[in-house]
Each structure stands twice: as structure tokens, then as C-alpha cells.
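Observations on the model geometry
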Amino acid sequence: MTAVDKRISVAVLGSGAGSNAAALIDRSSANDSSYQIDLVIATRGDAGIVSVASDRRIPVVVLPAEHWEESLLSALQSHQIAVLALAGFLRKLPESVITLLEGNVLNIHPALLPRFGGQGMYGLHVHTAVIEAGESITGATVHRVTQEYDEGAILAQMSVEVRAGDDPRTLQNRVKTIEHRLYPEIMNVYCQHIRDSTSSPPNNPKPQL
Ligand code: GAR
């Protein structure tokens, strides 16, 4: 494998059903992938993301309830992870993790940030708030992660319509469908940039969607 072919090592961290982890892993098997998923990290042993990873033979680490920051750092270091992809991770990420990865931490959020973001805005809570606000358009955002909830630079967004008769679950399903396209493509562009350049990845990768 030449330097150009080398794939960037990515870990996915989450606590949910794992559908975005599945999309990221599945995209990484394409010939043109610039990244590979070397580790899945879960905050709960019973989370769907654990079986998603096991089914695809990706190593899994389940963080303990106590001292999880140290366990997370140690898992990232021992697997030599370069980029961390949050997918359904609901806590604040410690600064030590962002520093270790030199800021190469991305998140997917199920709305068009900066709207419907912030503490407590996750999963169905977001879709409930979007419906209650009477929005006709919502979407998904991939952004860089800082220590504040949903505040890092936005890398890409895709929108979907909110339909009459939608409930939070039907809306979540429609948003997840675009998340599964958006996140892997942005990850591919982001890691391509890391691989091909010595500079930091851009804040506006242009995916081919
Ligand atoms: C995704 O919809 C993601 O956008 C959301 O959690 C879901 C995880 O689903 N993240 C947040 O709400 C973060 N604020 P998944 O486990 O099926 O990928």
C-alpha cells in the first residue's frame, strides 16, 4: 500500500442504535475510501452500536461508568486513532480528547444547526422541537466538535422536508436517511484532506452527494 492509499484511522463513539456507525463502516469498504473504521466505542454495553460493530467485525470498547475519560483516551491511543466520529454521543467531550486528536473530532446532529442544538437537544427531543415549532424544513449537520454542545464549525448540511402528519419518529427516520449519506461522504472528504495534505482539514469540505 502506498502513502497515497493509506487510510486514515477513524473511531466511532456513540450510545444509540448505531445506524450512522453502520453507514460509516459500510462506506469505508469502498475502493476509494480515504478512511477505515478501526474501533467502535460505546457508552453502554447494550447499545445497538455494539452489535452493529460486532456484526461487521470491528473491535468494540465499552466505556465504564467511572473514569470513562481515561478509558476513552487510552482506547484512542492504543488503536492509534486519528479522527473520532461522534454518532449519538450525548455527553460533552473532554478537552483532553479534542487535544489528543488535534481537533479532528466530528459530530452528526439531527437538525440544521445552529437551530435546534445545545444541551438536551438530542435524538427524538430534536425532532419533537422541530415539529412543535412548525418548521417545514429540517435536516442534518456535520460539524467539528468543541467543548460546547453543537458549537463547532459546520462542515456540511443537508435538508429534508417536514411533512404534514409527521411525528417525531417518522421525521427521525427521514433525517437518518440523509445522515447516512452525508456523514460518510464528509468523512471521506475530511480524511482525504488529512491524508493528502500536511495542513489542517478545511472547514468547508465539498462532498460529492
Ligand atoms: C442520530 O440521529 C444523530 O444525529 C443523533 O443521534 C442519532 C444516533 O442514531 N445525535 C444527536 O442527537 C446529538 N445531539 P444512530 O445511533 O442510529 O446513529
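Our structure is the block above this text.
Scope of this entry: the structure provided in the associated data block. (Residues numbered from 1 in each chain as written. Predicted model: local features only at pLDDT ≥ 70, side-chain atom pairs only at ≥ 80, totals over all residues. Heavy atoms only, no water.)

A look at the sheet that holds strand β5 (residues 105–109)
The strand order β3-β2-β1-β4-β5-β6-β7 describes an open sheet built from seven strands, whose pairing is mixed. The sheet is open, and its two borders are formed by β3 (60–62) and β7 (154–161), each paired with just one other strand. Strand-to-strand twist in this sheet, taken as the mean axis angle between neighbours without regard to direction, amounts to 20 degrees. The sheet contact formed by strand β1 (residues 8–14) and strand β4 (residues 83–86) spans four bridges and is parallel. Looking at the pairing, Leu 13 lines up with Leu 86 of β4. Helix-sheet contacts for helix α3 (residues 68–78) involve β1, β2 (35–42), β3 and β4, and the interaxial angle to β2 is about 155 degrees. (Pairing = 2+ DSSP bridges. Helix = DSSP H or I, 4+ residues; strand = E, 2+ residues; numbered from the N terminus. Axes fitted to C-alpha atoms, helices over the stretch in contact; angles between N-to-C directions. Contact = heavy atoms within 4.5 Å.)

Things to note about the site of the ligand
The ligand sits among 14 residues. The nearest are Gly 18, Ser 19, Asn 20, Lys 176 and Glu 179. Within the backbone of Ala 17, a nitrogen or oxygen atom sits 3.0 Å from an oxygen atom of the ligand. Between Asn 20 and the ligand, the recorded distance is 2.9 Å, taken from a side-chain N or O atom to an oxygen atom. Coverage of the ligand by the protein amounts to 94% of the 450 Å² it exposes when considered alone. Residue assignment for the shell around the ligand shows that the elements contributing at least two residues are α1 (19–28), β5 and α6 (168–196). Among the residues forming the shell around the ligand, the class breakdown is five nonpolar, seven polar and two charged. (Near = heavy atom within 4 Å. Polar contact = N/O pair within 3.5 Å; in protein donor to acceptor, adjacent residues only side chain to side chain. Areas by Shrake-Rupley, 256 points an atom, 1.4 Å probe, with all protein chains shown as cover. Nonpolar A, V, L, I, M, F, W, Y, C, P; charged D, E, K, R; others polar.)

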